[in-house]
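# Structure at a glance
Listed here are the chains, written in short residue letters.
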Amino acid sequence: MERKIALVTGATSGIGEACARKFAEGGYDLILTGRNEEKLNAVVRQARQLGADVLPLRFDVRDRKAAQTAVASLMGKWAVVDVLINNAGLALGLDKEYKGDMDDWEAMIDTNIKGLLTMTRLIVPGMVERNRGHVINIGSVAGDAAYAGGNVYCATKSAVKAITDGLRIDVAHTAVRVTNVKPGLVETNFSVVRFHGDQERADNVYKGIRPLTGDDIADVAFYAASAPAHVQIAEVLVLATHQANGTVIDRNHG
C-alpha cells in the first residue's frame with residue numbers, strides 16, 4: 001500500500017515537531033519545512049528513525065518566492081501531498097496595541113496569515129484536482145476572543161479561523177477536508193519566542209497549571225486526518241483541564 005505524504009510547516013519545534021513524529025509513527029512519509037537547518041535536520045533524523053521517508057525543505061514561509069521554488073521542486077511521489085499541516089506561526093510581544101512593535105506585527109501577519117495562505121495556494125490546487133486531501137491549520141483559542149496584550153496575535157488567529165472556514169466552503173464540492181485545530185496553553189518554545197528569549201517570563205505563562213504539550217495537539221491533528229473519508233473534523237478547541245477559555249485559567253493545579 002502506498003504511503004501517504006504529510007507536509008508540515010514549522011516542523012523544527014513545538015507542535016510542528018510533534019506532528020512530524022506522530023505522522024511518522026502513523027505511517028506517513030513527510031515533507032518537513034523550517035528555517036533552521038540544524039533543527040530541521042534533527043527532526044528529519046528522528047522521523048526517519050520512526051520509519052518515515054522524509055524530504056526536508058529549508059525556507060521561511062514568509063518568503064513567497066522561496067516557498068514557490070520549494071514546492072515547484074517536488075517531484076514524483078513528493079508532488080502528491082495528502083495532508084498539509086499549516087503549523088508555522090508565532091506570537092511576538094504582549095504590549096498594548098498603541099505601544100506595539102511594528103516589526104513584531106509584521107512578522108506575525110506575514111507568518112501566521114500570509115505564510116499560511118501561500119502554502120495553501122501552492123498545495124491545495126493539486127488536492128482539488130485529485131479530489132482528495134486534507135488541510136489542517138493550527139489556529140488558537142486566541143482566535144475566538146482578544147485578550148490583554150494579544151491584540152495583533154489574536155487578530156492573526158481570528159484570520160486563520162476565517163481563512164479555514166472560507167477554504168472549507170470553497171472545496172465543499174470536492175472530497176478535500178479542512179480542519180482548524182485551536183490549542184490553548186501549550187508548553188513549547190512559543191512563549192520564549194513571544195518574550196524574545198526571556199525564559200523566566202515564559203515559564204510564568206504556565207505557572208500553576210499543567211499545560212498541553214505539542215504531542216497533545218499532534219494527537220488531535222492525527223485523529224482528524226485518520227477519520228473516515230466521509231467525516232470532516234471542521235474545528236477542535238483543545239484546552240488544558242483547568243483552562244476555560246483564552247483568559248480564564250485556574251492556576252492552583254501546577
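What this report covers is the structure whose coordinates are included nearby. Since the structure is predicted, the reported quantities are computational estimates derived from the model, not experimental observations.

### Quick notes on the packing of aromatic side chains
Centre distance and the angle of the planes are the two values used to describe a pair of aromatic rings. This structure, assessed with the given rule, holds four aromatic pairs. Ring geometry for Phe 23 against Tyr 28: centres 4.9 Å apart, planes inclined by 70 degrees, an arrangement best described as edge-to-face. You can call Tyr 28 buried: its relative accessible area is 6%. Ring geometry for Phe 23 against Phe 222: centres 5.1 Å apart, planes inclined by 80 degrees, an arrangement best described as edge-to-face. Linking Phe 23 in helix α1 (residues 14-25) with Phe 222 in helix α8 (residues 214-226), this pair joins segments that are 199 residues apart in sequence. Both residues of the pair, Phe 23 and Phe 222, belong to the buried class. Counting every residue linked through ring pairs, the aromatic cluster contains Phe 23, Tyr 28 and Phe 222. Positioned above the aromatic ring of Trp 78 is the side chain of Lys 77, whose terminal nitrogen or guanidinium carbon lies 4.7 Å from the ring centre. Geometry around Tyr 153 places Arg 194 over its ring, the cationic atom sitting 5.2 Å from the centre.

### Quick word on α8
The end-to-end C-alpha distance of α8, which contains 13 residues, comes to 18 Å, matching closely the 18 Å that a straight helix rising 1.5 Å per residue would cover. Every buried residue of α8 is accounted for by Gly 214, Ile 217, Ala 218, Val 220, Ala 221, Phe 222, Ala 224 and Ala 225. The inward-facing, buried residues of α8 contact α1, β4 (83-86), β5 (134-138), β6 (177-183) and β7 (235-238).

Criteria and cut-off values
Residues numbered from 1 in each chain as written. Predicted model: local features only at pLDDT ≥ 70, side-chain atom pairs only at ≥ 80, totals over all residues. Heavy atoms only, no water. Phe/Tyr/Trp six-rings, centres within 6.5 Å; stacked < 30°, edge-to-face > 60°. Buried < 20%, exposed > 50% of the residue type's maximum accessible area, 1.4 Å probe, protein only. Helix = DSSP H or I, 4+ residues; strand = E, 2+ residues; numbered from the N terminus. Lys NZ or Arg CZ within 6 Å of the ring centre and 35° of its normal. Expected span 1.5 Å × (residues − 1). Contact = heavy atoms within 4.5 Å.

Purely geometric stuff here, so don't read any function into it on its own.
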